[in-house]
Each structure stands twice: as C-alpha cells, then as structure tokens.
Amino acid sequence: QKEVEQDPGPLSVPEGAIVSLNCTYSNSAFQYFMWYRQYSRKGPELLMYTYSSGNKEDGRFTAQVDKSSKYISLFIRDSQPSDSATYLCAMRDSGTYKYIFGTGTRLKVLA
Amino acid sequence: DVKVTQSSRYLVKRTGEKVFLECVQDMDHENMFWYRQDPGLGLRLIYFSYDVKMKEKGDIPEGYSVSREKKERFSLILESASTNQTSMYLCASRLDRDGGETQYFGPGTRLLVL
C-alpha cells in the first residue's frame, strides 16, 4: 500500500464548478500537509499549506485536513480554465525533511 | 524573486554514459532535493541535502549519487545511465530556518536514455 493515495483523474469540470481534490494517507505521524499545482512542462508550485488538522482558506482555495480519517482535501470554488493543471498533495512528519507526494490529479476546467 | 534553475531542459544520453544534472538556487536555502517524476508514480525523492556537504538518501537512490559542495548548487549524478532512468528530474530548494514548508521547484530536466 502506498503511503499517500491520490486519484489520478483526469477530472473535467465546467467553468464555475466547485472542485474537490483528495488524498488519503496511512502514516499517522504526518503533521505537515501541502497542495502543489503543476502546469504542463513546469515545476510544481506551492498552493496551500496546513499544519496538523483544520481548514485553511486563501481566495478561491480551501484546504482541509482530517487527521482522524487520514484524509486531506483541496476545494476550488468558481473554477477557471486557468486552474487546469495537475494538483499534487504532499506531506511529511516532524522528524524528517522527507516529503511524500501523491501521484497527482489532472484537472481540466472547460470554458 | 525566488529562482531555481536546472542546467538543461532536455537531455538525450546513451546507456552507460555518466550524466550530470545541475541545480542552482539563488535564495540561500539550506535544503535541496532531487526528485524524479514518472506517470502514475508521481514525485519520488532520490536524494536530499539539508546543508552543504550533507546528504541523505531518499526513496530511490540506487544508480544515483549527489554532490553539494556549495550552498547554492546541488548536483545529481547518474554514474552509468540506464534506460529505466529515463524520466523528468526535478530539483527543489527549501528555507529551513523559518519552519515554512514551501519547496521551490526548478522547471525540470527531461532525460531520455537510449
């Protein structure tokens, strides 16, 4: 079993839709949770970061962490064609510099 | 503006060749990472360095080595390239001091081993 599982998609939604992206993980020691966005032929860039459990909001993006279920989510409101990209979750525990990434979900927002 | 650069965007090498991938960051970051990205497997950590001359193996270090002689530069070396090392290679750096989680990635090097 992989430490981090992420549905690869692709996920196609109409412009304006609410998008929900998810990852599950098995290591209960993970404390730091991140979402990266990667456009085609580019390196990933950090979108959201959450420490431990809870919600974090930044504009149209909301990140949620449920440590009891070992489940993290990224919600995108009012999705735009410019949101079309691959979204990668990443996480680590406090005792290491080693980040574990999900395989990424490809999102396409149709105009 | 934060910048991580990688020496090549595309590289074609022959089996058995020694390959050097260079990564340079201009942010005075302590931590640097090398990942490879493959379809269906995501990003997998090859090696990371938490400071100059310090290195630790990641999940898939076999067939690779690294060098960090200066803070800004982290090199990945394929001692004898093989076809299963055909992949996208991504370098990243991270500031350790403030406890932030941002890794800044370079644009990637797409390596083809024939």
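Refer to the preceding data block for the structure.
Here goes a summary of the coordinates provided. (Residues numbered from 1 in each chain as written. Chains lettered and ligands numbered in written order. Predicted model: local features only at pLDDT ≥ 70, side-chain atom pairs only at ≥ 80, totals over all residues. Heavy atoms only, no water.)

### What about the environment of aspartate 7 of chain A?
All names here are of chain A.
Right, so step 1: Within the element layout of this structure, aspartate 7 appears in the loop between strand 1 (4-6) and strand 2 (11-14).
Right, so step 2: The spatial distance from the C-alpha of aspartate 7 to the C-alpha of threonine 103 is 7.7 Å, given a sequence separation of 96 residues.
Right, so step 3: In contact with aspartate 7, not counting residues within four places along its chain, are Asn22, Gly104 and Thr105.
Right, so step 4: A polar atom in the side chain of aspartate 7 sits 2.9 Å from the backbone nitrogen of glycine 9. (Helix = DSSP H or I, 4+ residues; strand = E, 2+ residues; numbered from the N terminus. Contact = heavy atoms within 4.5 Å. Polar contact = N/O pair within 3.5 Å; in protein donor to acceptor, adjacent residues only side chain to side chain.)

### With respect to the pairing of strand 4 (residues 30-38) of chain A
Residue and element names in this part refer to chain A.
Right, so step 1: Taking burial as the measure, the nine residues of strand 4 include nine buried ones, the bulk of the element.
Right, so step 2: Note that strand 4 and strand 9 (residues 85-93) share eight bridges and pair antiparallel. By the bridge assignment for strand 9, phenylalanine 30 is matched with aspartate 93.
Right, so step 3: Sheet topology note: the strand 4/strand 5 (residues 45-51) ladder contains six bridges and is antiparallel. What sits directly across from tyrosine 36, in strand 5, is leucine 46. (Buried < 20%, exposed > 50% of the residue type's maximum accessible area, 1.4 Å probe, protein only. Pairing = 2+ DSSP bridges.)

### Quick word on the sheet that holds strand 3 (residues 19-25) of chain B
Residues and elements named next belong to chain B.
Right, so step 1: Reading across from one edge, 1-3-8-7 is the order of the four strands in this open sheet, with antiparallel pairing throughout. The open sheet has two edge strands with one neighbour each: strand 1 (4-6) and strand 7 (64-70). On average, each strand axis in the sheet is inclined to that of its neighbour by 20°, with strand direction left out of account.
Right, so step 2: Across five bridges, strand 7 lies against strand 8 (residues 73-78) in antiparallel orientation. Counterpart to serine 67 in the pairing with strand 8 is serine 75. (Axes fitted to C-alpha atoms, helices over the stretch in contact; angles between N-to-C directions.)

### Some remarks on the interface of chain A and chain B
Right, so step 1: Each side of the interface is counted separately: chain A has 20 residues, and chain B has 24 residues.
Right, so step 2: Buried surface at the junction of chain A and chain B, summed over both partners, amounts to about 1,800 Å²; 56% is from carbon and sulfur atoms.
Right, so step 3: Ranking the residues of chain A by area buried against chain B places Tyr97, Tyr99 and Phe101 of chain A at the top, with a combined share of 36%.
Right, so step 4: Of the charged contacts, one joins aspartate 59 of chain B and lysine 98 of chain A as a salt bridge, the two residues approaching to 2.7 Å between their closest N and O atoms.
Right, so step 5: Inspection of the chain A/chain B interface yields five residue pairs in polar contact (both at pLDDT 80 or more).
Right, so step 6: Secondary structure elements with two or more residues in the side of chain A that touches chain B: strand 4, strand 5, strand 9 and strand 10 (100-101) of chain A.
Right, so step 7: Broken down by element, the side of chain A that touches chain B gets its largest block of residues, four residues, from strand 4 of chain A.
Right, so step 8: Here the side of chain A that touches chain B is built from residues that sort into eleven nonpolar, four polar and five charged. (Buried area = accessible area lost by both parts, 1.4 Å probe. Salt bridge = Lys/Arg side-chain N within 4 Å of Asp/Glu carboxyl O. Nonpolar A, V, L, I, M, F, W, Y, C, P; charged D, E, K, R; others polar.)

### What to know about the packing of aromatic side chains
Right, so step 1: Inspection of the entire model under this criterion finds 15 aromatic pairs over all chains.
Right, so step 2: Taking 5.8 Å as the distance between ring centres and 80° as the angle between the ring planes, the aromatic pair formed by tyrosine 99 of chain A and phenylalanine 33 of chain B counts as edge-to-face. Taken together, the residues tyrosine 99 of chain A in the loop between strand 9 and strand 10 and phenylalanine 33 of chain B in strand 4 (residues 31-38) connect one chain to another. One exposure class covers both tyrosine 99 of chain A and phenylalanine 33 of chain B, and it is buried.
Right, so step 3: Every member of this aromatic cluster is reached through a ring pair, and the members are Tyr36, Tyr97, Tyr99 and Phe101 of chain A together with Phe33, Tyr35, Phe48, Tyr50 and Phe105 of chain B. (Phe/Tyr/Trp six-rings, centres within 6.5 Å; stacked < 30°, edge-to-face > 60°.)

### Describing the side chain of threonine 105 of chain A
Residues and elements named next belong to chain A.
Right, so step 1: The residue threonine 105 is located in strand 11 (residues 105-110) in this model.
Right, so step 2: The class for threonine 105 is buried, based on a relative accessible area of 6%.
Right, so step 3: A distance of 3.3 Å separates the side chain of threonine 105 from the side chain of glutamine 6, its partner in a polar contact.
Right, so step 4: If we ignore the near neighbours within four places in the chain, the residues touching threonine 105 are Gln6, Asp7, Pro8, Gly9, Leu21, Ala85, Thr86 and Tyr87.

### Observations concerning the state of the cysteines
Right, so step 1: In this structure the tally under the stated criterion is two disulfides over all chains.
Right, so step 2: For cysteine 23 of chain A, the disulfide goes to cysteine 89 of chain A, at an S-S distance of 2.0 Å. Residues cysteine 23 of chain A and cysteine 89 of chain A are joined through a disulfide that is left-handed, its torsion about the S-S bond being -100°. Here cysteine 23 of chain A, found in strand 3 (residues 19-25), pairs with cysteine 89 of chain A, found in strand 9; they are 66 residues apart in sequence, far enough to count as distant. When sorted by exposure, cysteine 23 of chain A lands in the same class as cysteine 89 of chain A, which is buried.
Right, so step 3: Note that cysteine 23 of chain B is cross-linked by a disulfide to cysteine 91 of chain B, the S-S spacing being 1.9 Å. Handedness here is read from the sign of the S-S torsion; for cysteine 23 of chain B and cysteine 91 of chain B, about -75°, the answer is left-handed. In this pair, cysteine 23 of chain B sits in strand 3 while cysteine 91 of chain B sits in strand 9 (residues 87-94), placing the two residues 68 residues apart along the sequence. For the residue pair cysteine 23 of chain B and cysteine 91 of chain B, the accessibility class agrees, reading buried in each case. (Disulfide = S-S within 2.5 Å.)

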